[in-house]
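# Tertiary structure, described
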Amino acid sequence: MIFRVGRNRLTVLAPAKINLHLEVLGKRPDGYHELETLLVSVSLHDSLVFTPRPADVVVETSDPGLGGGMENLVTRAADLIRCEAKRQEGVSIRLTKRIPMQAGLGGGSSDAAACLAGLNRWWNLGWSDQRLAELGAEIGSDVPFFFHTPAAVCRGRGEKVEPATIGRTLDVLLIKPDAGLSTADVFARVAVPEKPVPVDPITRALEHGGPEEVAALLHNRLEEPAASLSPAVAEIRRQSADWDCLGAKMSGSGSAFFAIAASKESARSLARSLRRRKLGRVFVVQTSN
Ligand code: C5P
């Protein structure tokens, strides 16, 4: 998260994430799945701008498909921290969306984390990232990660976060087909593997290896169930085998895919080729520092 402090205004940039590795370890009695996932944040951001207001909390968004009500994780985060901190004063929060929604890129979770971090600063609460991450876990499984960017292994439902290290910045392309996917629908179709793929090799490659080694170890257990739910995902999955890149995978529960490129120029060249094929919106990004 990046903060810009102005006079009577605070801007927080909320990054997207990709999952370099996602394994399902089991199904829990509460309906959630036990996960092991390696997340990295990337240089595609939403932004939240906080300005004063006399009484109530008002959330406005740039995306006509997302209202300011409780379906918006920013509104839920603002409500939660305001209640917990027993604050009466209002605030206006303007959310500008750039991260595609229903993409598995963590946009909603990152916005919620940025809202908690922003209001912590706006109201001078002085709460630790740990406390904010615990509060965030009540809103969504990916929220705690955004207090531990740029890389972490997340376990449990996603709330047990162990920071990881990025040795070399990765050049990454993101592609989001028009069709989105519901996280719950994708998890409902996943089969728990008998032999889970371990996260340690790719975590080590991220710290000590080059992009080729990271790309060779990409894994996402949710890719197959997502492809079975969405023809658009199945098509990108099929085509991604021929992309001129080091490796490609779906992110999180989809529907976006990412490709790891050997250089920024190579990512741009792949982006040009994919834009011509009109498979979806394409972004060229890098892992965050
Ligand atoms: O926590 P979040 O709201 O992001 O999760 C959305 C849905 O995805 C959950 O209701 C659940 O069905 C599924 N899920 C899961 N196991 C996880 C995370 C999410 O089954 N670890």
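Residues numbered from 1 in each chain as written. Predicted model: local features only at pLDDT ≥ 70, side-chain atom pairs only at ≥ 80, totals over all residues. Heavy atoms only, no water.

### Concerning the site of the ligand
The test is simple: Proximity criterion: a residue is near a molecule or strand once any of its heavy atoms comes within 4 Å of it. Definition of a polar contact: a pair of N or O atoms within 3.5 Å, with one able to donate and the other able to accept a hydrogen when the atoms are protein atoms, and with sequence-neighbouring residues admitted only if both atoms are side-chain atoms. Accessible surface is estimated by sampling points in the Shrake-Rupley manner with a 1.4 Å probe; for residues, cover comes only from the protein chains shown. Helix and strand definitions here come from DSSP, where helices need a minimum of 4 consecutive H or I residues and strands a minimum of 2 consecutive E residues; each element is numbered from the N-terminal end. In the scheme used here, Gly and all other residues not listed as nonpolar or charged are polar, with Ala, Val, Leu, Ile, Met, Phe, Trp, Tyr, Cys and Pro taken as nonpolar and Asp, Glu, Lys and Arg as charged.
Neighbouring the ligand are Gly31, Tyr32, His33, Leu35, Gly140, Ser141, Arg157, Thr183, Ala184 and Phe187. The contact in question runs from an oxygen atom of the ligand to an N or O atom on the side chain of serine 141, over 2.6 Å. At 3.4 Å, a backbone N or O of arginine 157 approaches a nitrogen atom of the ligand. Isolated, the ligand exposes 450 Å² of accessible area, and the fraction of that covered by the protein chains is 73%. Where the shell around the ligand is concerned, the elements lending two or more residues are strand S3 (33-53) and helix H4 (183-188). For the shell around the ligand, the element with the highest residue contribution is H4, accounting for 3 residues. Split into classes, the residues belonging to the shell around the ligand amount to 4 nonpolar, 5 polar and 1 charged.

### With respect to the packing of helix H1 (residues 73-85) against helix H2 (residues 107-122)
Formally: Working convention: axes come from line fits to C-alpha atoms, limited for helices to the stretch in contact. Angles between N-to-C directions cover 0 to 180 degrees. Note on convention: near helix rotated counterclockwise from far helix by under a right angle means a left-handed crossing. Clockwise means right-handed. Any pair of residues with heavy atoms lying within 4.5 Å of one another is described as a contacting pair.
Where H1 meets H2, the axes come as close as 8 Å, and the angle between the chain directions of the two elements is 35°. The two elements H1 and H2 meet at a crossing, and its hand is right-handed. Touching Leu73, Val74, Ala77, Ala78 and Ile81 of H1 are Gly108, Ser109, Asp111, Ala112, Cys115, Leu116, Leu119 and Asn120, all from H2. Its residues placed into classes, the contact of H1 with H2 shows 9 nonpolar, 3 polar and 1 charged.

### Remarks on the packing of aromatic side chains
In this description, a pair of aromatic rings is defined by centroid distance and the angle of the planes. Our working rule: Between rings of Phe, Tyr and Trp, where Trp is taken as its six-membered ring, a pair exists when centres lie within 6.5 Å; planes separated by under 30 degrees are stacked, by over 60 edge-to-face, and by other angles tilted. We call a residue buried when its accessible area falls under 20% of the maximum for its residue type, exposed when it is over 50%, and partly exposed in between, using a 1.4 Å probe and counting protein chains only. Geometrically, a lysine NZ or arginine CZ counts as sitting over a ring once it is within 6 Å of the ring centre and also within 35 degrees of the ring normal.
Within this structure, the stated rule accounts for 1 aromatic pair. Centre to centre, the rings of phenylalanine 145 and phenylalanine 146 are 5.1 Å apart; their planes meet at 70°, and the pair counts as edge-to-face. Classification of phenylalanine 146 as buried rests on a relative accessible area of 2%. Residue placement shows arginine 157 over the ring face of tyrosine 32; its charged tip is 4.8 Å from the ring centre.

Honestly, that's just the spatial picture; any functional story needs more than this.
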